[in-house]
Amino acid sequence: PMSALRSITALVLLTVVSNVGLAQEQQDLKSLQGVWEVAKMVKRGKELSPKDLEGITMEFSKEKLTLVDRGNKRTFTIKIDPTKKPKTIDVTADDGPFKGKTVPSIYRIDGDTVTLCTPHDRNTVRPYAFESLDDREASRILYTLRRAKK
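Small disclaimer: the values here were computed from a predicted structure and weren't measured.

S.K.: An account of the overall build of the protein chain is needed here, citing residue identities and associated values.
M.R.: When helices and strands are tallied, the protein chain shows 2 helices and 9 strands. Each helix (α) and strand (β) of the protein chain, taken in turn from the N terminus, gives the series α-β-β-α-β-β-β-β-β-β-β. Counting all 150 residues of the protein chain, 30% fall into the buried class. Put simply, of all contacts in the protein chain between residues at least 6 apart along the chain, 41% involve residues at least 24 apart. By element, 57% of the accessible surface of the protein chain is carried by carbon and sulfur atoms, the whole surface being about 9600 Å².

Set out below in structure tokens:
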């Protein structure tokens, strides 16, 4: 009877923990929904000028991300895990030359600001910090997104 009780307790705890993770995932997905302007972008440790960022938007719609860069549109499927520290987002290209390729990234939501950090160049390792390095092996892009005004 004691081992059965332990099994039931473990099962209940596992269910509660996975439900909390799922609720957190749903909340973060909901927070991401909508159009975001790229307010700041740091590539290989160098910040791009505001002029270079004009017209670049990211739109989250359910588990899809559409990147619009001066009329060019690319779509991605996203998978987030808000239980990880930092929170993780896997971005998989739905089209274009990188179709099917997944970029393991991290994200942070702070009200109407989202920070994304993605590996860049030949780097395929998920970043562990929100920083862009000028290092070919650990090259990263750091994006600061602001919710677009309606």
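S.K.: Give me the lowdown on the pattern of salt bridges, citing residues and values where you can.
M.R.: Any two side chains of opposite charge can pair, on the condition that their charged atoms come close. The tally for this structure, following the rule as stated, stands at 8 salt bridges. The partner of Asp94 in a salt bridge is Lys64, with the nearest N and O atoms 2.9 Å apart. With a gap of 30 residues between them, Asp94 in the loop between strand 6 (88-93) and strand 7 (102-110) and Lys64 in strand 4 (residues 64-69) connect regions that are remote in the sequence. The class of Asp94 is partly exposed, set by a relative accessible area of 24%. For Arg70, the salt bridge goes to Asp69, with nearest N and O atoms at 2.4 Å. According to the relative accessible area criterion, Asp69 is partly exposed, its value standing at 29%.

S.K.: Let's hear about the pairing of strand 6: which residues, and what values?
M.R.: As defined by bridge partners, strand 5 (residues 72-81) adjoins strand 6 across 6 bridges and the pair is classed as antiparallel. Note that in strand 6 the partner of Ile80 across the bridge is Ile89. Count of turn residues in the strand 5/strand 6 antiparallel hairpin: 6 residues. The pairing of strand 6 with strand 7 spans 5 bridges and is classified as antiparallel. Bridge pairing links Thr88 to Ile106 in strand 7.

Each value, and the rule that gives it
Residues numbered from 1 in each chain as written. Predicted model: local features only at pLDDT ≥ 70, side-chain atom pairs only at ≥ 80, totals over all residues. Heavy atoms only, no water. Helix = DSSP H or I, 4+ residues; strand = E, 2+ residues; numbered from the N terminus. Buried < 20%, exposed > 50% of the residue type's maximum accessible area, 1.4 Å probe, protein only. Contact = heavy atoms within 4.5 Å. Areas by Shrake-Rupley, 256 points an atom, 1.4 Å probe, with all protein chains shown as cover. Salt bridge = Lys/Arg side-chain N within 4 Å of Asp/Glu carboxyl O. Pairing = 2+ DSSP bridges.

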